[in-house]
Amino acid sequence: MGIFSEDLINLGNLIDAEFEIKVPAQLLGQTLNELNVELSEGLMRVGFKKKRFIFSKKVEVLLKEDPPAVKNTSLERSIGLLVGTDRNLKEVLERGGFSLEGDHVFINLWDAIKQTQEYSKVPKQFKERIILSRYKLKDGFVQLWVRVSKGL
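Nothing here was measured: the structure is a model prediction, and the numbers come from that model.

Description of the nonpolar core
Piece 1. Met44, Ile79, Ile107, Ile113, Val142 and Leu144 are the most contacted members of the largest nonpolar core, which totals 37 residues.
Piece 2. With sequence-adjacent residues up to four places away left out, Met44 is seen in contact with Leu28, Val37, Glu38, Leu39, Val61, Leu62, Leu63, Leu81, Ile107, Leu137 and Val142.

As structure tokens, this is what we get:
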């Protein structure tokens, strides 16, 4: 199968363009092992309820946005958040979907991105070349700015 002129034009337009993908908090929670995710301007609360005998304890961590902190590899597209509270951090990290690197907690959003409507509109030959350039935490969703990479 050869390269057609339409493909080159589309590739050129996509590489230059930066477009938005919105990942809702509910979808993010489903991809993070059923964790409870609450999003507000610049903040993310991630947690779960820990049951003990009759009582249940709410375990949560407060994370703050750091928009330029993104990580793109062949297997993950992650956003980096600054730790707001160290309390309960270890318990939440053990649930999976997170990695701690220095001051940042990285959350892999690749599975959540693949389930969005915006991702379904990207031509199939470019889907695996999408990389994150920055992000913003908004009320109820994570706003991602992505572009198509020449090679990943």
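Here we look at the pattern of salt bridges
Piece 1. Following the criterion strictly, the structure yields eight salt bridges and no others.
Piece 2. The partner of Lys58 in a salt bridge is Glu60, and the shortest N-O contact between them spans 3.8 Å.
Piece 3. Look at Lys58 and you get partly exposed, because its relative accessible area is 48%.
Piece 4. On the basis of relative accessibility, which here comes to 23%, the residue Glu60 falls in the partly exposed class.

Considerations on the packing of aromatic side chains
Piece 1. Under the definition given, this model contains one aromatic pair.
Piece 2. A ring pair is formed by Trp110 and Tyr119, whose centres lie 5.9 Å apart and whose planes are at 85 degrees; its orientation type is edge-to-face. Of the two residues, Trp110 and Tyr119, neither departs from the other in class, the shared state being buried.
Piece 3. In this structure, Arg95 packs its charged tip against the face of Phe48, placed 4.3 Å from the ring centre.

Digging into the sheet that holds strand β4 (residues 55-72)
Piece 1. Here we have six strands laid out as an open sheet, ordered β2-β3-β4-β5-β7-β6, and antiparallel in their pairing. Edge positions in the sheet fall to β2 (36-40) and β6 (98-101), since each of these pairs with one other strand and no more. Between one strand axis and the next, the sheet turns through 35 degrees on average, direction left out of account.
Piece 2. In terms of strand pairing, β6 meets strand β7 (residues 104-108) through four bridges, oriented antiparallel. Paired with Phe98 across the bridge in β7 is Ile107.

Structural notes on the sheet that holds strand β1 (residues 19-24)
Piece 1. An order of β1-β9-β8 is seen for the three strands of this open sheet, with the pairing classed as antiparallel. Edge positions in the sheet fall to β1 and β8 (130-138), since each of these pairs with one other strand and no more. For this sheet, the mean angle separating the axes of adjacent strands, direction not counted, is 30 degrees.
Piece 2. Sheet topology note: the β8/strand β9 (residues 141-148) ladder contains eight bridges and is antiparallel. Each bridged residue has a counterpart across the sheet, and for Tyr135 the counterpart in β9 is Leu144.

Each value, and the rule that gives it
Residues numbered from 1 in each chain as written. Predicted model: local features only at pLDDT ≥ 70, side-chain atom pairs only at ≥ 80, totals over all residues. Heavy atoms only, no water. Core = buried A, V, L, I, M, F, W, Y, C linked by side-chain atoms within 4.5 Å. Buried < 20%, exposed > 50% of the residue type's maximum accessible area, 1.4 Å probe, protein only. Contact = heavy atoms within 4.5 Å. Salt bridge = Lys/Arg side-chain N within 4 Å of Asp/Glu carboxyl O. Phe/Tyr/Trp six-rings, centres within 6.5 Å; stacked < 30°, edge-to-face > 60°. Lys NZ or Arg CZ within 6 Å of the ring centre and 35° of its normal. Pairing = 2+ DSSP bridges. Helix = DSSP H or I, 4+ residues; strand = E, 2+ residues; numbered from the N terminus. Axes fitted to C-alpha atoms, helices over the stretch in contact; angles between N-to-C directions.

The values reported here are purely geometric and, on their own, carry no functional implication.
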